[in-house]
Amino acid sequence: MSLKQISNLRQYFLNPKGIIIPKPKEYQKIQFIDWGLTLHRPEKKVEKNVVTFKLKPYKYSLQKPEIKQYLEKIYGLNVTKVHTLNYMGKIARNHKSGRYRQSDHKKVYVELNEDIDPFFQSIK
């Protein structure tokens, strides 16, 4: 059998009545605010005016200027500096299916103008 005959058979079995399905038009992509910026208590001691956040993995996450704008416009914080660190998820073992990889994340250290309540920085 030739390649053309195989493609015709496949088309016949997948679409026996010969219905022609129109190809969808290119839709406009709409970006929703789903950045998952969550407050995170740091593992190490930080200064009194620094807050730590966790973000989604690399390609979906925000860059430093976008994080600064997001926190200033939505939450009204006075941000001076933003530091980011990318973490790859650890490879862990599971008793059922063997190994799996934990999710990647980006850690963000935001330096503000004013001091913060120590509750958000305490290590427990």
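Residues numbered from 1 in each chain as written. Predicted model: local features only at pLDDT ≥ 70, side-chain atom pairs only at ≥ 80, totals over all residues. Heavy atoms only, no water.

Caption draft 1: Geometry of the overall build of the chain. Helix and strand content of the chain: 2 helices and 6 strands. With 124 residues in all, the chain has 22% of them scored as buried. In the chain, 58% of the contacts between residues at least 6 apart in sequence involve partners at least 24 apart. (Helix = DSSP H or I, 4+ residues; strand = E, 2+ residues; numbered from the N terminus. Buried < 20%, exposed > 50% of the residue type's maximum accessible area, 1.4 Å probe, protein only. Contact = heavy atoms within 4.5 Å.)

Caption draft 2: Representation of the pairing of strand 2 (residues 50-55) within the structure. For strand 2, the buried fraction is high: 5 of the 6 residues fall into the buried class. Sheet topology note: the strand 1 (residues 38-39)/strand 2 ladder contains 2 bridges and is antiparallel. Residue pairing in the sheet places L39 in a bridge with F53 of strand 2. Judged from the 6 bridges that link them, strand 2 and strand 6 (residues 105-112) form a sheet pairing that is antiparallel. Following the sheet pairing, V51 is matched in strand 6 by V110. (Pairing = 2+ DSSP bridges.)

Caption draft 3: Inspection of the nonpolar core at higher detail. In this structure, F53, I67, L71, V108 and V110 are the most contacted members of the largest nonpolar core, which totals 14 residues. Elements represented by at least two residues in this core include exactly strand 2, helix 2 (64-75), strand 3 (79-87) and strand 6. Ignoring sequence-local partners within four residues, the contact set of F53 consists of L37, T38, L39, H40, L71, K106, K107, V108 and V110. (Core = buried A, V, L, I, M, F, W, Y, C linked by side-chain atoms within 4.5 Å.)

Caption draft 4: How the structure looks around the packing of aromatic side chains. Counting across every chain of the model gives 1 aromatic pair. The ring of Y109 carries the charged tip of K44 above its face, separated from the ring centre by 5.4 Å. (Phe/Tyr/Trp six-rings, centres within 6.5 Å; stacked < 30°, edge-to-face > 60°. Lys NZ or Arg CZ within 6 Å of the ring centre and 35° of its normal.)

Caption draft 5: Inspection of the pattern of salt bridges at higher detail. This model, assessed by the stated rule, comprises 1 salt bridge. Linking E43 and K107 is a salt bridge whose minimum nitrogen-to-oxygen distance equals 2.5 Å. Highlighted residues: E43 in the loop between strand 1 and strand 2 and K107 in strand 6, separated in sequence by 64 residues. The exposure class of E43 is exposed, given its relative accessible area of 53%. Of the residues examined, K107 reaches a relative accessible area of 3% and is grouped as buried. (Salt bridge = Lys/Arg side-chain N within 4 Å of Asp/Glu carboxyl O.)

Caption draft 6: Region of interest: the sheet that holds strand 2. Here 4 strands make up an open sheet; going across it, the order is 1-2-6-3 and the pairing antiparallel. At either end of the open sheet lies a strand with only one pairing partner, and these are strand 1 and strand 3. Its contacts with the sheet place helix 2 against strand 2, strand 3 and strand 6, and it is angled at close to 130 degrees to strand 3. (Axes fitted to C-alpha atoms, helices over the stretch in contact; angles between N-to-C directions.)

Caption draft 7: Summary view of the side chain of T52. Among the secondary structure elements, T52 is positioned in strand 2. Of the residues examined, T52 reaches a relative accessible area of 1% and is grouped as buried. If we skip the residues at most four places from it in the chain, T52 touches T38, L39, H40, P42, K107, V108 and Y109.

Caption draft 8: Seen up close, the pairing of strand 4 (residues 91-94). As defined by bridge partners, strand 4 adjoins strand 5 (residues 98-101) across 4 bridges and the pair is classed as antiparallel. Each residue of the ladder has a partner; that of N94, found in strand 5, is G98.

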